[in-house]
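# Coordinate analysis (summary)
One-letter residues, chain by chain:
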Amino acid sequence: MLDAVLDDYIVQDMGAAELVAAGHDPALVDRVIVMVDHAEYKRRQYPPGPKITPRNFGRDRRLPITNRWREPRVG
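Presented here is an overview of the structure given in this document. Since the structure is predicted, the reported quantities are computational estimates derived from the model, not experimental observations. (Residues numbered from 1 in each chain as written. Predicted model: local features only at pLDDT ≥ 70, side-chain atom pairs only at ≥ 80, totals over all residues. Heavy atoms only, no water.)

Check the secondary structure of the protein and you find 3 helices and 0 strands. Put simply, the protein runs from its N terminus to its C terminus through helices and strands in the order α-α-α. Across the 75 residues of the protein, 25% fall into the buried class. Counting contacts in the protein only where the partners sit at least 6 residues apart, residues at least 24 apart contribute 59% of the total. Of the roughly 5500 Å² that the protein leaves accessible, carbon and sulfur atoms contribute 55%. (Helix = DSSP H or I, 4+ residues; strand = E, 2+ residues; numbered from the N terminus. Buried < 20%, exposed > 50% of the residue type's maximum accessible area, 1.4 Å probe, protein only. Contact = heavy atoms within 4.5 Å. Areas by Shrake-Rupley, 256 points an atom, 1.4 Å probe, with all protein chains shown as cover.)

Here you go:
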């Protein structure tokens, strides 16, 4: 279940409402989004790595970390 939520959230770029509409458990969606968003600062601390998915974390997935932006919660 976790892999499916992470794939849809990161690779498919779905938001919280889209994840729930796709059939994922709302509580799991909220928890996964919070954990991924809170750990977002870590990706800037590491050197560039290999691209293993269609979306690259450096160029294709950019979230502002300076203003503490978070994905709106489902419920």
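There's plenty left to go through after this.
A few words now on the environment of V29. As for its position among the elements, V29 is in helix α3 (residues 26–38). On the basis of relative accessible area, V29 is assigned to the buried category, the value being 0%. Residues V29 and V74, 45 residues apart in the sequence, show an inter-C-alpha distance of 7.9 Å. Beyond its immediate sequence surroundings of up to four residues, V29 is in contact with A16, L19, V20, H24 and V74.

What follows is about the environment of D37. Mapped onto the fold, D37 is located in helix α3. The sequence separation of D37 and E71 amounts to 34 residues, and the corresponding C-alpha distance is 7.6 Å.

Judged by nonpolar contacts, V5, Y9, I10, A16, L19, V29, V32, I33 and V36 together constitute the single largest core of 9 residues. Here this core gets 4 residues from one element, more than from any other, and that element is α3. (Core = buried A, V, L, I, M, F, W, Y, C linked by side-chain atoms within 4.5 Å.)

The next thing to look at is the packing of helix α1 (residues 2–11) against α3. Their axes nearest at 10 Å, the elements α1 and α3 cross at an angle of 60°. As summarised for this structure, α1 and α3 are arranged oblique, according to the angle between their axes. Between α1 and α3 the crossing geometry is right-handed. Residues L2, V5, L6, Y9 and I10 of α1 form the contact with α3, whose participating residues are L28, V32, I33, V36 and D37. Among the residues making up the contact of α1 with α3, the classes are represented as 9 nonpolar, no polar and 1 charged. (Axes fitted to C-alpha atoms, helices over the stretch in contact; angles between N-to-C directions. Parallel < 35°, antiparallel > 145°, perpendicular 65-115°, else oblique. Left-handed = near helix turned anticlockwise from the far one by under 90°. Nonpolar A, V, L, I, M, F, W, Y, C, P; charged D, E, K, R; others polar.)

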